[in-house]
Every structure is written in structure tokens, then in C-alpha cells.
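Listed below are the residues making up each chain.
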Amino acid sequence: KVRATHPDCSVILYFQEQEAECLEIIRSERETSAPPGPAGQRRCLTEWDGVSCWSALPVGQSRAVACPDILHVFKKSKALIRRNCTESGWSFPNPPYYNACELEAIGGNNDTETKASYFVTMKVLYTCGYSTSLTALFLAIVIFSCFRKLHCTRNSIHIHFFTSFILRGTAVFIKDAVLFSDESVDHCTMSTVNCKAAIAFFQYSVLANFYWLLVEGMYLQTLLLLTFTSDKRYIWWYILIGWGVPMLTVCIWVVTRLQYDNHGCWDDYTSLYWWVIKAPILLAIFVNFLIFLNVTRMLAQKIRSPDISKNYKQQYMRLTKSTLLLIPLFGVHYVVFALFPEHIGVDARLYFELVLGSYQGFLVALLYCFLNGEVQAEIKRNWGKWQSSMESNVFNLVTQDFTA
């Protein structure tokens with residue numbers, strides 16, 4: 001199995017793995033080989049020629065190997081490359097690799113330039129998206145923190161949700177800085193503590209993001225069930241789910257990768273251990289979808305109920321519109337892409353996860369803060385008080401000057 005962060009790395013990683021296996025065989029032979037005997041027992045030792053591993057053979061025999069089996073790189077070919085073991089050592093490959101093994105048709109320089117331009121454009125778009133989201137989220141947290149009337153369990157959960165988006169955007173910038181700041185680094189074989197820590201932090205922020213969305217759904221359901229009675233006692237459970245579950249998951253993933261699959265920079269989504277991260281995210285999305293259905297049912301019952309006051313109905317509707325919009329919006333594409341292999345729909349996956357995903361934080365701040373009627377009313381009230389205070393101060397100054 002080829003581990004790769006990108007399909008272009010598959011060739012490099014394939015030959016590195018083949019070479020490592022061959023060198024291990026050569027080392028074993030050197031440790032166990034007997035001293036050279038009579039001429040009739042002479043042999044050619046195992047050799048790595050940069051493409052294939054040629055196992056040891058007695059003099060006078062020959063061996064044949066097939067072309068490297070790398071999908072989308074070499075065409076399927078029945079041709080065999082043969083080498084003879086002679087008195088002077090291994091003969092040259094016959095026919096040569098470049099004749100026997102035909103490469104798949106690949107794009108020229110124009111395609112390479114187009115591809116490079118495409119990724120540069122993507123980076124500019126998601127950098128603008130995350131920058132916009134981070135600015136909006138920081139402003140929303142300041143608003144919720146500064147106005148005392150907005151201090152409540154609901155807005156406290158919103159702040160945690162905003163923070164998870166801030167961590168996610170920050171993690172993207174950190175990952176870019178660590179992995180792609182130096183163009184001379186071979187990203188296919190990069191395996192440093194810094195890059196692994198950056199990927200682990202990124203995975204934690206993504207998990208926390210999904211689990212705080214789950215908490216938003218759980219809180220809305222609790223709100224409808226308890227009818228606004230004593231929801232503060234649940235806040236520590238929400239914090240444990242939103243921050244604790246992702247931390248536990250990432251710790252298990254890190255230990256697993258260190259123990260069983262400590263290759264590259266841990267950003268290879270083809271690894272089987274990627275499911276340690278992927279499964280909890282899919283679980284959170286699935287549970288949120290069930291909450292989405294249940295909340296829709298409960299809301300329909302409560303709105304039709306004559307026992308619920310008009311004010312409660314307005315509060316239900318205000319929070320429910322925001323949360324019910326976010327639950328299907330977040331993670332739907334994740335479920336769709338989870339059903340397909342990682343190499344399928346790469347362009348669409350990148351567009352959804354990087355470009356559209358970068359603006360999700362801005363959307364959350366917009367729905368939960370800037371378009372929130374309660375927040376708007378509090379800002380207007382404080383703005384009016386500030387204007388009245390300023391006018392009063394100006395009047396006092398003018399009066400003092402006049403009477404002086």
C-alpha cells in the first residue's frame with residue numbers, strides 16, 4: 001500500500017518503500033552469507049538498481065521482473081525485463097526500462113502551470129475566507145463578553161463554538177506555515193515533530209468544531225425539553241463533550257500513529273488509522289442529524305401548542321432558525337465524500353473543505369451574533385446611552401464656559 005499526502009507523491013514513496021525492503025534483504029544476506037566457495041558456487045548478490053530489486057542468483061542463471069506496478073503512472077504491460085548473472089556480475093537490463101515500461105500520458109508544462117495556478121488561487125481564496133471568519137468571530141466574542149445582559153448559557157456555548165472556529169482557522173495557517181513555507185523541502189517524505197504537531201492540532205480543531213456544533217444541537221433539544229428551566233447545570237457536560245471528546249480522540253490517534261504507522265507527516269488520508277479521526281466526526285454528524293429531525297418535530301408541536309406564550313415562541317424560533325440551518329449545512333458534504341475513496345472528487349472536496357469551509361465561521365458569527373435581535377437591541381441601547389452621555393458632557397462643558 002502506498003502512503004501519500006498527494007497522488008504526485010505516490011511514485012517517490014513507492015520506490016522508497018521498494019528500496020528499503022531490498023536494502024533490508026541485502027543487509028540480511030551480508031550478515032548470514034558464507035565465505036565464497038568454488039567457482040561453481042559463485043553467485044550474484046541481491047542488488048537494487050534504482051527501479052527493481054534483483055534477488056541473488058548463481059552464476060549462469062537469469063531472472064526476469066515486470067514493470068513497476070504504479071496506478072496512473074505506468075501502463076499495464078506484459079513485457080519482462082531480464083538480467084543475467086555472469087562471472088563479472090549482473091548484466092544490464094534487457095530490454096531497458098525506458099523501452100519495456102511505457103508511461104501513462106501526462107500533461108505538459110501548460111498543465112503543470114495551470115495546476116500550480118489553481119492551487120495558488122485556492123490558497124488565496126481560503127486565506128481570505130479564514131481571515132474574514134476570524135475577524136467576525138473575534139468581534140462576536142467581544143460583543144458577547146462586553147455586554148452583561150448577553151451573559152447566559154446559550155451565549156456561553158456560542159462563544160465556545162466561535163472559539164472552535166478560531167482554532168480551526170489558526171490551525172490551517174499554522175499547517176501552511178509548517179508544511180509549505182519552504183519550497184526546497186520534499187513534502188512527500190517530510191516527517192518532523194513540528195509538522196506532526198501541526199497536523200495533530202489541525203485534527204483537534206476540526207473535531208472540536210464538529211463536536212461544538214453537536215453541543216449546539218444538544219442544547220437546543222434540551223432547551224425545548226426543559227422549557228428554559230435550569231440549563232446552567234449542563235454547561236460542564238457540554239464543555240466536556242465539546243473539548244474533551246476531541247482531545248481524547250486525538251490522543252488515541254497520535255499514540256496509534258506513533259506505534260503502528262509513524263510515516264511521513266501524518267496527513268495521509270489513505271491510512272487505515274485515519275478512521276480514528278473520521279469515525280467520531282461521522283458519528284457527530286449522524287447524531288446531529290437525528291437531533292435535527294427530533295427538534296423539527298418538537299418545534300412543530302410546541303408552536304401549535306396554545307399553552308406556550310408568544311415570547312417563548314419567539315425565543316424558540318430565533319435560536320432554532322440558526323441551529324437548524326447550521327446542522328444540515330455543516331457536514332453534509334463530509335458525509336457525501338466519506339462514502340468515496342480519498343482520490344475521488346479531489347477538486348470538489350478541496351473546494352468545499354477549503355474555500356466554502358473557510359467562510360463557515362463568518363456565517364456562524366452572522367447568524368448567532370450580528371443578525372441576533374437580542375444582540376442588536378443591546379448594541380442600540382448601549383449606543384443610545386453612550387450618545388446621551390456624550391451630549392450631556394458637551395452640554396456641561398458649554399454651560400461651564402458660558403457661566404465662567
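The structure contained in this document is the topic of the report that follows. (Residues numbered from 1 in each chain as written. Predicted model: local features only at pLDDT ≥ 70, side-chain atom pairs only at ≥ 80, totals over all residues. Heavy atoms only, no water.)

Burial along strand β6 (residues 80-86) is one-sided: the residues I81, R83 and C85 are buried and none of L80, R82, N84 and T86 is. Two elements, strand β5 (residues 62-66) and β6, share five bridges in a ladder whose sense is antiparallel. Bridged to S62 within β6 is N84. Sheet analysis places β6 next to strand β7 (residues 89-90), joined by two bridges and oriented antiparallel. Looking across to β7, one finds that C85 is bridged to W90. Where β6 hands over to β7, the hairpin turn is made up of two residues, counted between the paired strands. (Buried < 20%, exposed > 50% of the residue type's maximum accessible area, 1.4 Å probe, protein only. Helix = DSSP H or I, 4+ residues; strand = E, 2+ residues; numbered from the N terminus. Pairing = 2+ DSSP bridges.)

Attention now moves to the packing of helix α4 (residues 153-180) against helix α6 (residues 235-260). Here α4 crosses α6 at 10°, and the two axes come no closer than 11 Å. If you check the angle between α4 and α6, you find them roughly parallel. Once α4 is placed against α6, the crossing between them reads as right-handed. On α6, the residues that touch T153, S156, I157, H160, T163, S164 and L167 of α4 are I235, Y238, I239 and W243. Here the residues of the contact of α4 with α6 are counted per class, giving six nonpolar, five polar and no charged. (Axes fitted to C-alpha atoms, helices over the stretch in contact; angles between N-to-C directions. Parallel < 35°, antiparallel > 145°, perpendicular 65-115°, else oblique. Left-handed = near helix turned anticlockwise from the far one by under 90°. Contact = heavy atoms within 4.5 Å. Nonpolar A, V, L, I, M, F, W, Y, C, P; charged D, E, K, R; others polar.)

Next up on the list: the packing of aromatic side chains. Following the criterion strictly, the structure yields 13 aromatic pairs and no others. Ring centres of Y126 and Y130 lie 6.3 Å apart, and the angle between their planes is 80°; this geometry places the pair in the edge-to-face category. One end of the pair, Y126, and the other, Y130, are both in helix α3 (residues 109-146), four residues apart, so they sit about a helical turn from each other. For Y126, a relative accessible area of 8% corresponds to the buried category. (Phe/Tyr/Trp six-rings, centres within 6.5 Å; stacked < 30°, edge-to-face > 60°.)

The end-to-end C-alpha distance of helix α5 (residues 193-226), which contains 34 residues, comes to 47 Å, matching closely the 50 Å that a straight helix rising 1.5 Å per residue would cover. Here α5 lies mainly inside the structure; 27 of its 34 residues are buried. (Expected span 1.5 Å × (residues − 1).)

Counting residues in each nonpolar core, the largest one holds 59 residues, and the members touching the most others are I157, F161, F162, W212, Y238, I277 and I281. Mapped by element, the contributors of at least two residues to this core are α3, α4, α5, α6, α7 (275-304) and α11 (360-370). For this core, the element with the most residues is α5, which contributes 18 residues. In this structure F162 touches L137, A140, I141, F144, V364, A365 and Y368, once residues within four positions along its chain are discounted. Among the nonpolar cores identified, the runner-up in size contains 11 residues, and C44, L57, C67 and A100 belong to it. (Core = buried A, V, L, I, M, F, W, Y, C linked by side-chain atoms within 4.5 Å.)

The next thing to look at is the pattern of salt bridges. When charged atoms on two side chains of opposite charge get close, those side chains can pair. Scanning the model with the defined rule gives seven salt bridges in all. The salt bridge partner of R257 is D261, with a shortest N-O separation of 3.6 Å. This pair shows no difference in class: R257 is buried, exactly as D261 is. A salt bridge links R381 to E378; the shortest N-O distance between them is 2.7 Å. Placement of the pair is R381 and E378 together in helix α12 (residues 373-403), with a separation of three residues, close to one helical turn. For R381, a relative accessible area of 39% translates into the label partly exposed. In the salt-bridge network here, residues are joined through shared partners; they are E24, R27 and E31. (Salt bridge = Lys/Arg side-chain N within 4 Å of Asp/Glu carboxyl O.)

Note that every value here comes from positions in space, so none of it alone points to a role or purpose.
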